[in-house]
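The lines below spell out each chain.
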Amino acid sequence: MKDLTANNEINLEKAETMKCEECDSSLFTIAYLIKKISAIMSPIGQESLAPIQVYTCKNCGEIPKIFLGDVD
Ligand SMILES: [Zn+2]
């Protein structure tokens with residue numbers, strides 16, 4: 001996800017604050033999902049781990065669905 005706030009193109013006062021779908025909290029914390037890549041699928045031919053950064057609700061721990069996409 002591109003950070004558009006860096007060059008002040010976006011007026012954040014008009015932007016919607018994302019809220020947790022479960023508890024309505026608007027505070028999130030960074031977490032990682034870690035995918036295990038099997039040796040067969042891995043470009044290096046060995047089993048490896050691929051971290052995917054997501055945000056979790058700081059209050060209830062829920063991961064907003066937009067971060068999950070096609071991730072299980
Ligand atoms: Zn929550």
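The structure presented is a predicted model; accordingly, all values stated were derived computationally and were not measured. (Residues numbered from 1 in each chain as written. Predicted model: local features only at pLDDT ≥ 70, side-chain atom pairs only at ≥ 80, totals over all residues.)

Chemist: Sorry if this is basic, but what is going on with the overall build of the protein here?
Modeler: Counting secondary structure elements, the protein contains one helix and two strands. Reading the helices (α) and strands (β) of the protein from amino to carboxyl end gives β-β-α. When burial is assessed residue by residue, the protein has 3% of its 72 residues classed as buried. Considering only residue pairs separated by 6 or more positions, the protein has 48% of its internal contacts joining residues 24 or more positions apart. (Helix = DSSP H or I, 4+ residues; strand = E, 2+ residues; numbered from the N terminus. Buried ≥ 20, exposed ≤ 12 C-beta atoms within 10 Å, placed from the backbone. Contact = placed C-beta atoms within 7 Å.)

Chemist: Looking at this structure, how should I read the environment of Gly-61?
Modeler: Summarising the element assignment, Gly-61 is placed in the loop between strand S2 (48-57) and helix H1 (65-68). On the basis of neighbour count, Gly-61 is assigned to the exposed category, with 12 C-beta atoms found within 10 Å.

Chemist: So what exactly am I meant to see when it comes to the pairing of strand S1 (residues 28-37) here?
Modeler: A regular strand places its side chains on the two faces of the sheet in alternate fashion. Sparse coverage of S1 is indicated by the burial of zero of its 10 residues. Across 10 bridges, the pairing between S1 and S2 is antiparallel. Looking at S2, one finds that Ile-37 is bridged to Ser-48. (Pairing = 2+ DSSP bridges.)

Function-wise, these values are silent; they only describe arrangement.
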